[in-house]
Amino acid sequence: QVQLVDSGGGLVQPGGSLRLSCAASGSIFSINLMGWYRQAPGKQRDLVASITNGGRTNYADSVKGRFTISRDNTKNTVYLQMNSLKPEDTAVYYCYYSSPNSGQTYWGQGTQVTVSS
């Protein structure tokens, strides 16, 4: 089992910044993928960004150049730095962890990000 605790959401004005954090604990495999999805009301959950344990990253086109994902393997923690936020970034952001060793995906509880003036 893997437990994820994500945090850092909040209310921010357009153009502002937020930093999300997600700490994983439990049975962590060294080979893994962590990242963030988001879900706006009435919409499906979409990938925002992901990062492998080796540091390879992947971003949704809508956030490229504005969001940066990073991780600290010593702390099993992943971060999402969000800059130049737009109202359309408003959603609940969910951290996730997956590993080919376990074949399972785990999710955080979600953190609300609201971009509004």
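Residues numbered from 1 in each chain as written. Predicted model: local features only at pLDDT ≥ 70, side-chain atom pairs only at ≥ 80, totals over all residues. Heavy atoms only, no water.

Points about the nonpolar core
One finds Leu4, Trp36, Leu80, Met82 and Tyr93 to be the most contacted residues of the largest nonpolar core, which totals 29 residues. Looking at this core, the elements with two or more residues in it are β1 (2–7), β3 (18–26), β4 (33–39), β5 (46–52), β7 (67–72), β8 (77–82), β9 (91–99) and β11 (111–115). With residues up to four places along the chain from it excluded, the contact list for Tyr93 reads Asp6, Leu20, Trp36, Tyr37, Arg38, Val48, Phe67, Leu80, Met82, Gly110, Thr111 and Val113. (Core = buried A, V, L, I, M, F, W, Y, C linked by side-chain atoms within 4.5 Å. Buried < 20%, exposed > 50% of the residue type's maximum accessible area, 1.4 Å probe, protein only. Helix = DSSP H or I, 4+ residues; strand = E, 2+ residues; numbered from the N terminus. Contact = heavy atoms within 4.5 Å.)

Quick word on the pattern of salt bridges
Opposite charge on two side chains makes pairing possible when the charged atoms of those side chains draw close. This model, assessed by the stated rule, comprises three salt bridges. Here Arg66 makes a salt bridge to Asp89, at a shortest N to O gap of 2.8 Å. Taken together, the residues Arg66 in the loop between β6 (57–59) and β7 and Asp89 in the loop between β8 and β9 connect sequence positions 23 residues apart. On the basis of relative accessible area, Asp89 is assigned to the buried category, the value being 0%. Residues joined in a network through salt bridges with shared partners are Arg38, Arg66 and Asp89. (Salt bridge = Lys/Arg side-chain N within 4 Å of Asp/Glu carboxyl O.)

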